[in-house]
Amino acid sequence: MLILSCPYCGIDAEETELAPGGEAHLKRFGPGSDDDAFEAYMFARKNPKGVHFERWRHAYGCGKWFLAARCTATLEVFGTYPAQSTEPPVEIVEKIKAKRPEWKGFS
Amino acid sequence: MSDPVSALQGASYDGFAQLREIGPLGMITLRAKAGTPGLEAAVQAATGCAMPQMRRIVRQGPCAAGWMSPDELLLILPYADVAGALARIGEALQGQHHLAVDVSDARAVFRIEGAKADQVLRKLSPVDFDRLEPNELRRSRAAQVAAAFWAEEGGFTLVCFRSVAGYVMGLLSVSARPGAEL
Amino acid sequence: MSTRLKSGGRLIDRSAPLDFTFNGKRLRGCAGDTLASALLANDQMLLGRSFKYHRPRGLVASGAEEPNALVNLGQGARLEPNQRTTTTELFDGLEARSQNHWPSLDFDVGVVNNYAARLLPGGFYYKTFIHPRAAWKHFFEPIIRHSAGLGSAPKDRDADRYEQAYAFCDLLIVGGGVAGLQAALVAGRAGARVWLVEQTAHWGGRAPVDGDVVGGMPAADWVEAAVLELSAMDNVTLRLRCMAAGSYDHGYVLLDEKLADHTPGDGRPRHRLWRMRVGKILAATGAIERPLSFAGNDIPGVMLAGAVRDYAVNWAVSPGDRTVVVTNNDDAYRTAIVLKEAGLEVAAVIDARNIANGPLPERARALGIRVETGRAIARVKGGKRVEAVEICQQAGEGAASTTLSCDAVAMSGGWSPVVHLWSHCGGKLIWDESEAMFRPDATRPPLHADGTAMVLCAGAANGALRQAVADADAQVKIALQALGFEAESEEVPAHDVADESALEPVWIMPQGAGIALRSKMWLDFQNDVKVSDVQLAAREGYESVEHTKRYTTLGMATDQGKLSNINGLAVLADSLNAQIPQVGTTTFRPPYTPVPLGALAGEARGEIFQPLRKTPMHDWHQQNGAYFEPVGHWRRPYCFQRPGETPEQAVHREVKNTREALGLLDASTLGKIIVKGPDAGRFLDMLYTGVMSTLPIGKCRYGLMCNEQGFLSDDGVVARIDADTWLCHTTSGGADRIHAWMEDWLQCEWWDWQVFTANVTEQYAQVAVVGPNARKLLESLGGMDVSKEALPFMHWADGTLGGFACRVYRISFSGELSYEIAVPASQGAAFWALLHKAGAAFGAMPYGTEALHVMRAEKGFIMIGDETDGTIIPQDLGLDWAISKKKPDYLGKRGQERSFLANPDRWKLVGFETLDGSVIEDGAYIPEHGVNANNQRRVQGRVTSTYHSPTLGRGIAMGLLRQGPARMGEVVEFTRMDGGVTPARVVDPVFFDKDGEKQNV
């Protein structure tokens, strides 16, 4: 059962206090977008064995959504950061690169 | 208007810790971003309390101000003072984006008292009570429902939603039964 | 025979006798006994029957690894099957019954399976029950299920209570032997927050039994001193009878603490499940001795050598008068020495090794014990009890040269570290050639959240079978350093044990045993898996250890292969001509030993099984005949039954009364979310399909919310409160979900928009006052003006009624004149009572959710969850009018533009009127001719809401039908459970008051 540190209130929350929200950093495609873009937004999800960025809400806590960088294979957590981020913070990216040299980087 | 009644009308239980439902208490949810001009004045005007730091609750007589999230405070005050406090908040935050609502009746409040009061909560919440700091307001869950609690005056005060007051009383009572000390 | 020795027994108190019964027989033990030691002291060697062949079974072990001696413990509400006698502490009045036999333990009919063993080889179930296919469900499965399971399932409600508790520490040390104690001392002195747990009732583990010397004193004395020092440390928590069941991701550990197993009915919880979060786990869980595989190794009286030693030293019980020790290592000589020194006879030590000249064998010889090297047991003779063993050469095929009469056999095939906590979360093992065991590979540990090792093993569990204290000291220092603590530099206490020479791996005894012998060599005693079964599986192509396990049921019994797994995979490796590490182990899964379901449920039973949400009027409902139904976690009155009424009759009465006079509905559960801010209107325009920003202050508007796929997700009435404040009503089940949905978009997508939300659902009690007399009632209360002019349909106003401050919404879900009145929840019960009191004159009756449903269906109003199922867009339901065509965007708009959603063949909402007035069955489909690609009957629609309408006196329904609105007047047929059909005409879904005159008066 995971523990993730909420970047808003500083609590190391356990999984039962959190609600999962799937892949992070999705770009919304609304009216006017073509079918491929909409399909990708709606359905195409990464499912890597390794580094993954995901959304979590501190549901039984401060109620805030945050993002986590995590290894799906070892469950190592590289860091958490606010949901108001369009991409992972540099320090987390650097940490992942150091720990997972084979990682191709955030895309 | 009849007298306001709390969810369980003051139910109590004596086990290895003493439980009672208190209230009704006046409660206001105040949402505003930190640093909003007038926010400190609003909290002061409503409760007489200073702005609480992250995860802290500041008490002043019968009033308190607790940090709920980066843009939410819980203000506690006598039930009868809520309307006046809302008006004062409105004045202090005039023209500023905020939301202040009366949630007094949406909540149930319990006191858990006695030397082993913490043990009652250790059975219900995934919280490290050894590391709970003085005046720390912790939001978590009590078994299957949301709860917030803090230590004060030889015990703990726990706030939950009104509709599950009976469930929470049941949880606390079962946990406090004699013979079940940790 | 097995008996109590005249003296000794470090754990028992002979002055405190305890009475207990086994199969009704009154027996006596003493304080400190386990049930196993007490039974053995009473010469009760036969304790059960094996699962498949019903072979006689006696004790093999003395601890958690015991596969055989399982009993039904207690009776009635305290009956628990499959309880290991070895881990059950004796108490006065204990009642135990043996399992898996009929009619009695001594005479068991099922033993015929034993003689048919040749017909029941590995994989028997898979081979036999596959044909004919139809026989499985009605013939094979019932019989197998009947004979499955060992003990009896309790039928009564559990009389005990259980609880859970959360705990946190830096270092959890599992195992209270000398390794665990030394680790705790070091960690405790370093100031770490430490928990030390031990599954038995005693500290010290094996060291005191084996006569180890620690820190210059007998192990037992050192243990006592260590516990004393630890007890005085505030930062150390000590728990006996506390078993670490499993380790999980990110330092989560479950501990099962047996509080009152040995004091049943004393008012304490029986078990407590600790849900622990730790920085590091130090597993000082010791090792488990391996049986040797020789023919007849399952006959009662054949036990592990370490267990024989335990019974003699701890409880002063001798398993037999004359014991043969059989071994491949030096450790088992300790048993021979202990027995000899206790005045018992040791017929011989049969050592499979050619040379045995270490200190222990030499000491045995010095005591006059006969030592036979290079020898093996060819077979054990006896039925329900060992009578003799035949001795042969280990190197040969089993030709017996000697027969030794004896009534007990103490066997040792070496020791296997208990690596469960290491392995549960993915810690890897390496094969240790010298000790012939798997031990933790420190380079591949299970990982914690930060990527560092989560578990360390110490002592025997780490493979340090003889230098446990030193290893524990080293390991705990590694753990402390990683946790950021500095260990004090103190001398490691010397741990003096006799030197042992190397063991010799022995997986089959004798080495060249033929099939007759191999068919009597048990690997898994409980599930009756023998060496020959594993070899058969290998021949049949089962190369993976996981497959072999499932095929043969090796290690699948309640002991989960604690004794059998290593021996089994060694036999498999040998059969496959592979190396043991290449074959590998099966996966270790929690729990280490079974945890009662009650402990896993904890407090969640009875009244607090789950949170029940109650409205402020709940007590009134309960006192007034409410027949409740669950709506999410809410309990809402389905109807209010009067004496003599069925629920159906009550619903009909409530509908008619509401339509003709006055109905009162507790609508408090309706979700209420305040949305405020300069961007609130813009935000709501994105959330709802319609336009909310233009809603005038004081007015209400019905709105639909969709998910991004365009599918309908929630609906409700929105009220504009002031310039930048809206109040959004949601469905009763949807309040939390929709509030979270709003916050998701505000926090994660439009975080620059100035909007705040608050879920105020529970702040208000809300009452729907519905029916032709609604206004009369409110006017009789006095207060605000509720006339048509002052408060028109789809308006709201604040004011007072009967002295209650309230907000009144003129909205209707029934088609009647209707007011929804919100008062503070703390006033709800009083306001509800006032409405009933004053309403009596106007024919007021409460009504429930079913009447609400019927009335909304009569009006053709959709219900989220009935007309919608997550695949329905508003356009399917004819709700195009609630969708803004002008807005460039709203959540779901792009999804609704997908081409397949515009297909004219989509099923769309219509009404149905049965031709004979009957009610269409719930869930009925509208089939059509032909079959689809899967050869299934084609369908063209289904019913979504179907009721008897008391207003119209006939069945009415809504449903989805292909091209529905274009087929008005057509007759279609609905399926029925009895195979028939119900013909119904396609009609407009609004059955009652089509022009809405009644609600708008």
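For the structure, see preceding data.
Described below are features of the structure shown in this document. Only a predicted model underlies this, so the values are computations on that prediction, with no experimental measurement involved.

Things to note about the overall build of chain C
Next up, step 1: Each helix and strand in chain C was counted, giving 26 helices and 52 strands.
Next up, step 2: Here the C-alpha coordinates of chain C stretch approximately 115 × 70 × 55 Å along the principal axes.
Next up, step 3: Buried residues in chain C amount to 61% of all 1001 residues.
Next up, step 4: For chain C, contacts bridging at least 24 residues in sequence account for 66% of all contacts bridging at least 6.
Next up, step 5: Accessible surface computed for chain C: about 37,600 Å², of which carbon and sulfur atoms make up 52%.
Next up, step 6: Across chain C, the centroid of the 103 positively charged side chains sits 4 Å from that of the 118 negatively charged ones.

A look at the packing of helix α14 (residues 531-539) of chain C against helix α15 (residues 545-552) of chain C
Residues and elements named next belong to chain C.
Next up, step 1: Relative orientation of the contacting elements α14 and α15 amounts to 125 degrees, with a least axis distance of 10 Å. By the angle class used here, α14 and α15 are oblique. In terms of crossing hand, the pair formed by α14 and α15 is right-handed. Where α14 abuts α15, its residues D533, V534 and A537 lie against T548, Y551 and T552.

Quick word on the pairing of strand β16 (residues 271-283) of chain C
Residues and elements named next belong to chain C.
Next up, step 1: β16 sits mainly inside the fold: 12 of its 13 residues count as buried.
Next up, step 2: Across 12 bridges, strand β9 (residues 162-174) lies against β16 in parallel orientation. Of the residues in β16, the one forming a bridge with A167 is M276.
Next up, step 3: Where strand β15 (residues 252-258) and β16 come together, 7 bridges link them in antiparallel fashion. Bridging across to β16, L254 finds its partner in R275.
Next up, step 4: Here β16 runs beside strand β30 (residues 455-457); their pairing, made up of 3 bridges, is parallel. If you follow I281 over to β30, its bridge partner there is V455.

Describing the interface of chain B and chain C
Next up, step 1: The partner chain C presents 46 residues to the 46 residues of chain B that form the contact.
Next up, step 2: Both sides together, the interface formed by chain B and chain C hides about 3,800 Å², and carbon and sulfur atoms give 55% of it.
Next up, step 3: The closest approach of N and O atoms between D130(B) and R193(C), which form a salt bridge, is 2.7 Å.
Next up, step 4: Looking at the side of chain B that touches chain C, the elements that each hand over two or more residues are β7 (99-102) and α4 (165-175) of chain B.
Next up, step 5: Examining the composition of the side of chain B that touches chain C, we find that 4 residues originate from one element, α4(B), more than from any other.
Next up, step 6: Among the residues forming the side of chain B that touches chain C, the class breakdown is 22 nonpolar, 9 polar and 15 charged.

A closer look at the pairing of strand β28 (residues 429-432) of chain C
Taken residue by residue, a regular strand's side chains alternate between the two faces of the sheet.
Next up, step 1: Here 4 bridges tie β28(C) to strand β29 (residues 437-440) of chain C, and the two strands are oriented antiparallel to one another. Within β29(C), the residue paired with I430(C) across the bridge is R439(C).

Topic: the sheet that holds strand β31 (residues 495-496) of chain C
All names here are of chain C.
Next up, step 1: Taken in spatial order, the 3 strands line up as β12-β11-β31 in an open sheet, and their pairing is antiparallel. Across the chains shown, the open sheet's two edge strands, defined by having one partner strand only, are β12 (217-218) and β31.
Next up, step 2: Here 2 bridges tie strand β11 (residues 213-214) to β12, and the two strands are oriented antiparallel to one another. If you follow V214 over to β12, its bridge partner there is M217.

What counts, and at which threshold
- Residues numbered from 1 in each chain as written.
- Chains lettered and ligands numbered in written order.
- Predicted model: local features only at pLDDT ≥ 70, side-chain atom pairs only at ≥ 80, totals over all residues.
- Heavy atoms only, no water.
- Helix = DSSP H or I, 4+ residues; strand = E, 2+ residues; numbered from the N terminus.
- Buried < 20%, exposed > 50% of the residue type's maximum accessible area, 1.4 Å probe, protein only.
- Contact = heavy atoms within 4.5 Å.
- Areas by Shrake-Rupley, 256 points an atom, 1.4 Å probe, with all protein chains shown as cover.
- Lys, Arg positive; Asp, Glu negative; His and termini not counted.
- Charge placed at Lys NZ, Arg CZ, Asp CG, Glu CD.
- Axes fitted to C-alpha atoms, helices over the stretch in contact; angles between N-to-C directions.
- Parallel < 35°, antiparallel > 145°, perpendicular 65-115°, else oblique.
- Left-handed = near helix turned anticlockwise from the far one by under 90°.
- Pairing = 2+ DSSP bridges.
- Buried area = accessible area lost by both parts, 1.4 Å probe.
- Salt bridge = Lys/Arg side-chain N within 4 Å of Asp/Glu carboxyl O.
- Nonpolar A, V, L, I, M, F, W, Y, C, P; charged D, E, K, R; others polar.

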